[in-house]
Amino acid sequence: MDRIVILFTLGAAFVLALIAGPLFIPLLRRLKFGQQIRTDGPQGHLKKAGTPTMGGTIILLALSLAFLRFSDKTTDAVILLIASLGYGLVGFLDDYIKILFKRSLGLTARQKLAGQLIVSGVVCYLLYRNGHDTDLSIPFTDLTLSVGWWLYVPFVIIMMLGMSNAVNFTDGLDGLLAGTSAIAFGAYTIIAMVHSTQETAIFSAAMVGAVLGFLVFNAHPAKVFMGDTGSLGIGGGLAAVAILTKSELLILLIGGVFVLELLSVVIQVVSFKTRGKRVFKMSPVHHHYELVGWSEWRIVLTFWLAGLVFAGAALITI
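Description of the structure in this document. Small disclaimer: the values here were computed from a predicted structure and weren't measured.

**Considerations on the overall build of the protein**
Per the secondary structure count, the protein includes 12 helices and 2 strands. Listing each helix as α and each strand as β along the protein from the N terminus yields α-α-α-α-β-β-α-α-α-α-α-α-α-α. Against the compact-globule benchmark of 20 Å for 318 residues, the protein has a radius of gyration of 19 Å, which places it among compact chains. Counting only C-alpha atoms, the protein reaches 50 × 50 × 35 Å along its principal axes. Intrachain contacts of the protein at a sequence separation of at least 6 include 76% that bridge at least 24 residues. For the protein, the exposed surface amounts to about 14200 Å²; the carbon and sulfur share of it is 68%. Charged side chains of the protein number 23 positive and 17 negative; the gap between the two group centres comes to 12 Å.

**Observations regarding the packing of aromatic side chains**
According to the stated counting rule, one finds 8 aromatic pairs in the structure shown. Among the aromatic residues, those joined into a cluster by ring pairs are Y128, W149, Y152 and F155. The ring of W294 carries the charged tip of R298 above its face, separated from the ring centre by 3.8 Å.

**Some remarks on the nonpolar core**
Ranked by internal contacts, the top residues of the largest apolar core, which has 91 residues, are F203, I234 and L238. Of all the elements, helix α7 (residues 198-218) adds the most residues to this core, at 12 residues. Excluding residues that lie within four positions of it along the chain, F203 makes contacts with L63, F67, L80, L81, S84, F185, G237 and V241.

**A few points about the packing of helix α6 (residues 176-194) against helix α8 (residues 227-244)**
At a closest axis distance of 11 Å, the pairing of α6 and α8 adopts a crossing angle of 15°. On the basis of the axis angle, α6 is roughly parallel to α8. α6 and α8 meet at a crossing whose hand is left-handed. Together, L177, S181, A184, F185 and Y188 of α6 and S231, I234, G237, L238, V241 and A242 of α8 make up the contact between the two elements. Tallied by class, residues from the contact of α6 with α8 come to 8 nonpolar, 3 polar and no charged.

**Let's talk about helix α2 (residues 56-70)**
Taking 1.5 Å per residue, 15 residues should reach 21 Å; α2 reaches 21 Å between its end C-alpha atoms and fits that length. Inspection of α2 places G56, I58, I59, L60, A62, L63, S64, A66 and F67 among the buried residues, and these make up the whole buried set. Buried residues in α2 make contact with α1 (3-30), α3 (75-100), α7 and α8.

**A closer look at the side chain of T229**
Summarising the element assignment, T229 is placed in helix α8. For T229, a relative accessible area of 2% translates into the label buried. Within polar-contact distance, the side chain of T229 engages the side chain of D95 at 2.7 Å.

**Some remarks on the environment of A166**
Position of A166 relative to the elements: it lies in helix α5 (residues 149-170). With 95 residues separating them along the chain, A166 and E261 place their C-alpha atoms 6.4 Å apart.

**Focus on α7**
Taking 1.5 Å per residue as the helical rise, α7 with its 21 residues ought to reach 30 Å, and the 30 Å between its terminal C-alpha atoms agrees with that figure. Counting buried positions along α7 yields 18 of 21 residues, so the element is predominantly enclosed.

**Side note on unusual backbone geometry**
The linkage connecting H220 with the following residue, P221, adopts the cis geometry, with an omega of -5°. By the element assignment, P221 lies in the loop between α7 and α8. Here S283 and P284 are connected by a cis peptide whose omega angle stands at 0°. Along the chain, P284 falls in the loop between α10 (256-275) and α11 (285-291). The phi torsion at K73 lies on the positive side, around 60°, for a residue other than glycine. Its location among the elements puts K73 in the loop between α2 and α3. On the accessibility criterion, K73 (53% relative accessible area) is exposed. With a phi close to 70°, F140 is a non-glycine residue in the positive phi region. Its place among the elements puts F140 in the loop between β1 (136-137) and β2 (144-145). Under the relative-accessibility criterion, F140 is labelled exposed at 57%.

**Concerning the environment of I318**
Inspection of the secondary structure puts I318 in the segment after α12 (296-315). I318 sits in the partly exposed class, given a relative accessible area of 41%. Here the alpha-carbon distance between I318 and V194, two residues 124 residues apart in the chain, equals 7.7 Å. Each residue touching I318, except ones within four places of it in the same chain, is listed here: I190, I191, V194 and H195.

**Concerning a nonpolar patch on the surface**
Side chains of L89, F92, L93, Y96, L100 and F101 sit close together on the surface and give an oily, nonpolar patch of about 580 Å² of accessible area. Of note, L89 is situated in helix α3.

**What about the packing of α1 against α7?**
At a closest axis distance of 7 Å, the pairing of α1 and α7 adopts a crossing angle of 35°. Handedness of the α1/α7 crossing: right-handed. Contacts between α1 and α7 involve V5, I6, T9, L10, A13, F14, A17, L18, G21, P22 and I25 on the former and, on the latter, A201, I202, A205, A206, V208, G209, A210, L212, G213, F214, V216 and F217. Partitioned by chemical class, the residues of the contact of α1 with α7 number 19 nonpolar, 4 polar and no charged.

What counts and what doesn't
- Residues numbered from 1 in each chain as written.
- Predicted model: local features only at pLDDT ≥ 70, side-chain atom pairs only at ≥ 80, totals over all residues.
- Heavy atoms only, no water.
- Helix = DSSP H or I, 4+ residues; strand = E, 2+ residues; numbered from the N terminus.
- Rg over C-alpha atoms; globule rule 2.2 N^0.38 Å.
- Contact = heavy atoms within 4.5 Å.
- Areas by Shrake-Rupley, 256 points an atom, 1.4 Å probe, with all protein chains shown as cover.
- Lys, Arg positive; Asp, Glu negative; His and termini not counted.
- Charge placed at Lys NZ, Arg CZ, Asp CG, Glu CD.
- Phe/Tyr/Trp six-rings, centres within 6.5 Å; stacked < 30°, edge-to-face > 60°.
- Lys NZ or Arg CZ within 6 Å of the ring centre and 35° of its normal.
- Core = buried A, V, L, I, M, F, W, Y, C linked by side-chain atoms within 4.5 Å.
- Buried < 20%, exposed > 50% of the residue type's maximum accessible area, 1.4 Å probe, protein only.
- Axes fitted to C-alpha atoms, helices over the stretch in contact; angles between N-to-C directions.
- Parallel < 35°, antiparallel > 145°, perpendicular 65-115°, else oblique.
- Left-handed = near helix turned anticlockwise from the far one by under 90°.
- Nonpolar A, V, L, I, M, F, W, Y, C, P; charged D, E, K, R; others polar.
- Expected span 1.5 Å × (residues − 1).
- Polar contact = N/O pair within 3.5 Å; in protein donor to acceptor, adjacent residues only side chain to side chain.
- Patch = residues over 30% accessible without salt bridge, like charges linked within 9 Å, V, L, I, M, F, W, Y side chains within 5 Å.
- Salt bridge = Lys/Arg side-chain N within 4 Å of Asp/Glu carboxyl O.

Shape is all these values report; function is a separate question.
What follows is the structure in structure tokens.
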């Protein structure tokens, strides 16, 4: 495992994002690609209306250029790029429709689901053609669960859908997702190095560099938002990395912050529909903390710390 290449990849992606930011942000502003803010959300967010969005293009561009420069372009590399860029494309269409029609909702739920299913299906096909191992490792044990392709395929599809949407829910505050995703991909860089999966380690390092470079412009007060272009692309890439490192179940711990964000939405919806009562003041849960008086920076730093704890706990397994 060439650690120098991994470090160079991270650094290259970081620098590329730093270069792309000042080029893309004014362009997005001139094109009037401004964020539409929900009127039923925290009132403090209304002042963010018009902030350039679709900044995820910066992340995906820096990621792709750095990864293609340093990777060996194997089937694993193709899978990683298709998962990330494919989901990013679905997010791009969602963002574009929001901007085109000046509304906070873009693609319909069915349209977004269809796009995600197509990308997930392509990933499963490539995994099958590449002879991917379908056993699932049980975290914190030496046990594996043999499931076979007939169960592994739906499992992968559900995992990709769930993780991409969990990551998408986390993107609600300046710097929140950029920081937590950098931590998660940092953990996966280490796991990939330990398991000697070079392409996955390089991809994870490239994502760390790209999101940290983007964080320079996305930290509070944000000059640009990543939009669904970035959040879905990050989520798809994260799921693909978990699959190729054979840590499909461990992603629940490494991505613990994302899982909690998703669970808060599920709990809120189920509670309201069954009892007519809300558990949280607003979901996802980071908005709940806003409404109880926490500052944006306090929430973001707390969630970053939680992400570090989850990642550290996961790394104990290796």
